[in-house]
Amino acid sequence: PSFYVEIIDIYTEAYSAPKKSLYIATGILDSLFYNYIPSSSDLIDLTHLIKLKPDAIILNYGVSMRRFKYAKKIIDTLKEKYY
């Protein structure tokens, strides 16, 4: 957990600089590649990422092609709650 907190601090510091955009490209929601319901770890990670208020979250190709509408719905739902 402490490593994750350090990463968040780095992103938050970079994002707080004037007129900087924050794009997050990770393996987020990879569990959707095989399932229609994401893993709890993916949901926790995504919630933390959304709290950073990124300009964009970039999904990997496999999730984008197979489960884009599910991923978008999950991201939009979490954005409404935590953004």
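Note that the structure is predicted; figures quoted are calculated from it, not measured.

About the criteria used
Residues numbered from 1 in each chain as written. Predicted model: local features only at pLDDT ≥ 70, side-chain atom pairs only at ≥ 80, totals over all residues. Heavy atoms only, no water. Helix = DSSP H or I, 4+ residues; strand = E, 2+ residues; numbered from the N terminus. Buried < 20%, exposed > 50% of the residue type's maximum accessible area, 1.4 Å probe, protein only. Contact = heavy atoms within 4.5 Å. Areas by Shrake-Rupley, 256 points an atom, 1.4 Å probe, with all protein chains shown as cover. Expected span 1.5 Å × (residues − 1). Bend = angle between axes of the 7 residues up to and from the residue. Core = buried A, V, L, I, M, F, W, Y, C linked by side-chain atoms within 4.5 Å. 1 Å grid on protein atoms, 1.4 Å probe; cavity = no way out; pocket = protein on both sides within 12 Å on 5 of 7 lines; lining within 4 Å. Points joined across faces, edges and corners; volume = space filled by probe spheres on them. Nonpolar A, V, L, I, M, F, W, Y, C, P; charged D, E, K, R; others polar. Phe/Tyr/Trp six-rings, centres within 6.5 Å; stacked < 30°, edge-to-face > 60°. Lys NZ or Arg CZ within 6 Å of the ring centre and 35° of its normal.

Undergrad: Which residues make up the overall build of the protein, and what values do they have?
TA: Broken down by element type, the protein carries three helices and two strands. From first element to last, N terminus to C terminus, the protein shows the α and β order α-β-α-β-α. Counting all 83 residues of the protein, 27% fall into the buried class. A sequence separation of at least 24 residues applies to 74% of the contacts in the protein between residues at least 6 apart. Of the roughly 6,000 Å² of accessible surface on the protein, 59% is carried by carbon and sulfur atoms.

Undergrad: Any chance you could break down helix α3 (residues 61-82) for me, citing the residues and the numbers?
TA: In an α-helix, one turn spans 3.6 residues; hence positions three or four apart end up facing the same way. Over its 22 residues, α3 runs only 26 Å from end to end, short of the ideal 32 Å by more than 12%, given 1.5 Å per residue. At Arg67, α3 shows its maximal kink, close to 100°. Considered for burial, the residues of α3 that qualify are Gly62, Val63, Arg67, Ala71, Ile74, Ile75 and Leu78. Of the surrounding secondary structure, the elements contacted by the buried residues of α3 are α2 (40-51).

Undergrad: With reference to specific residues and values, describe the nonpolar core.
TA: With 15 residues, the main nonpolar core has Leu29, Leu46 and Leu59 as its most contacted residues. Residue assignment for this core shows that the elements contributing at least two residues are α2 and α3. Among the elements that take part in this core, α3 stands out by supplying five residues, more than any other. Those residues in contact with Leu46 that lie beyond four places of it in its chain are Ile28, Leu29, Ile57, Ile74, Ile75 and Leu78.

Undergrad: Let's hear about the layout of surface pockets: which residues, and what values?
TA: Quantified by volume, the largest pocket comes out at close to 220 Å³. It is α3 that provides the largest number of residues to the lining of the largest pocket, a total of six residues. Among the residues making up the lining of the largest pocket, the classes are represented as nine nonpolar, no polar and four charged.

Undergrad: Break down the packing of aromatic side chains for me, citing the residues and quoting the values.
TA: Enumeration over the complete set of coordinates arrives at two aromatic pairs. Aromatic side chains Phe33 and Tyr34 sit 4.7 Å apart centroid to centroid with 85° between the ring planes, which places their arrangement in the edge-to-face category. With a relative accessible area of 26%, Phe33 lands in the partly exposed category. When its relative accessible area of 64% is taken as the criterion, Tyr34 is described as exposed. When the ring of Tyr36 is compared with that of Tyr70, the centres are 4.9 Å apart and the planes differ by 75°; the resulting orientation is edge-to-face. With Tyr36 in the loop between β1 (23-25) and α2 and Tyr70 in helix α3, the pair connects residues that are 34 residues apart, well separated along the chain. A cation over a ring is seen here: Arg67 above Tyr36, with NZ or CZ 3.9 Å from the ring centre.

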